[in-house]
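Here is how the chains run, residue by residue.
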Amino acid sequence: MKLFSGSSNKPLAEKIAHALNISISPVEIFIFPDGERRFTLGERVVDKGVILVQSTGTPADTNYMELFFLTDAVKRSGARSVTAVIPYLGYQRQDHVFRDGEARSFAVIVNIIESLQIDRIVTFDLHSIKLVELFHAPFVHLSALPLFAKVINEEHMIDNETVLVSPDMGGKRRVGILAEMLGGIPTVSIEKNRDLKTGEISAHIVHGEVKKRVIIVDDMISSGQTIVEAVKILKKHGAERQWVFATHAVFSQKAGAVLAKVEVEKIYITDTLFVPEEKRPGNLEIL
Ligand code: R5P
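The following paragraphs examine the structure supplied in this document. Remember, predicted model here, so these are calculated numbers, not experimental data.

How each quantity is defined
Residues numbered from 1 in each chain as written. Predicted model: local features only at pLDDT ≥ 70, side-chain atom pairs only at ≥ 80, totals over all residues. Heavy atoms only, no water. Buried < 20%, exposed > 50% of the residue type's maximum accessible area, 1.4 Å probe, protein only. Helix = DSSP H or I, 4+ residues; strand = E, 2+ residues; numbered from the N terminus. Right-handed = clockwise from strand over helix to strand, strands pointing away. Salt bridge = Lys/Arg side-chain N within 4 Å of Asp/Glu carboxyl O. Near = heavy atom within 4 Å. Polar contact = N/O pair within 3.5 Å; in protein donor to acceptor, adjacent residues only side chain to side chain. Areas by Shrake-Rupley, 256 points an atom, 1.4 Å probe, with all protein chains shown as cover. Nonpolar A, V, L, I, M, F, W, Y, C, P; charged D, E, K, R; others polar.

### Quick notes on the pairing of strand S12 (residues 241–249)
- Of all the nine residues making up S12, eight are buried; the element is thus mostly covered by neighbouring parts of the structure.
- A crossover connection joins strand S11 (residues 213–221) to the parallel S12 through helix H6 (residues 225–236); in handedness this β-α-β unit is right-handed.
- For the crossover from S12 across helix H7 (residues 255–260) to strand S13 (residues 266–269), the handedness is right-handed.

### Re the pattern of salt bridges
- With the rule as written, the count across this model stands at 15 salt bridges.
- The shortest N-O distance in the salt bridge between Asp219 and Arg174 comes to 3.8 Å. Residue Asp219 is found in strand S11, and its partner Arg174 is found in helix H5 (residues 172–181); the two are separated by 45 residues along the sequence.
- For Arg174, a relative accessible area of 9% gives the class buried.
- Of the charged contacts in the structure, one is a salt bridge between Lys232 and Glu229, with a shortest N-O distance of 3.2 Å. With a gap of three residues between them, Lys232 and Glu229 both fall in helix H6, about one helical turn apart.
- For Lys232, a relative accessible area of 48% gives the class partly exposed.
- Among the charged side chains, a network of salt bridges with common partners joins Arg174, Asp218 and Asp219.

### Here we look at the site of the ligand
- Taken together, 15 residues are adjacent to the ligand, and Arg93, Asp218, Asp219, Ser223 and Thr226 come closest.
- Contacts to the ligand include Asp218, whose side-chain N or O atom sits 2.5 Å from an oxygen atom.
- In isolation the ligand has 370 Å² of accessible area, and contact with the protein removes 92% of it.
- Going through the elements one at a time, strand S9 (187–194), S11 and H6 are the ones with two or more residues in the shell around the ligand.
- When residues of the shell around the ligand are assigned to their parent elements, the largest contribution, four residues, is made by S11.
- In terms of residue class, the shell around the ligand is made up of three nonpolar, six polar and six charged.

Written out as structure tokens, the structure is:
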């Protein structure tokens, strides 16, 4: 078995290689004067099972191109099978057309991935469960929810004043699953509306009763605005202690600075995406 990593999340690739008791195989990435890149595998892969690790967060386009070229290099070099571990699939929120004239960008990405004839794709916590159906290739959809449940229990966050909160309607199902894992604790749902032009968010509570201890659970944090609005409205409704759990730390724009000002005890994320030191707020914990 061989494992190659793109450049988006080398620390995660190292951990996977370590768990498999192998080393990351070398890849030479040569950058031409015009910015184009050439990928050359540094090891033979004929008849080998190959794992590629490449997350496709910011910059999504560059990271996807790396994934595409690496896959092609591996296939052309005679690998027996290719498993692509893409812990975060960029463009997944553009899975349908919101307004006339838009592209269905995620469907385009899926078509390209499918054309590469990858044997198996592994990813985490998709924005919507329906996205799995867009792929024909064998698809392993993993979740960080069991890990979140473990931490919530270990940190004794639950008492009879605790609720789980979905900061938007799309996350209701996810929060319901976690609530079950935690023995059926009550849930609250927030309805969020985002102005498609300005990105501004407005929110209100549509279901459930806010209690003193609140655990907000989301699939990803990008600008951080969803969390800002959720924390604000929950505090207004009586929340005294708040925690945040999110699988993917997309952390676009000034998310690090935005999150540093949010009044929560801790923000738990996973390592599906690499977060540079300068974007990590003081209360961030990477699971
Ligand atoms: C959206 O529907 C997702 O579940 C997240 O809530 C959202 O993508 C977070 O984005 P941001 O941090 O920019 O508000």
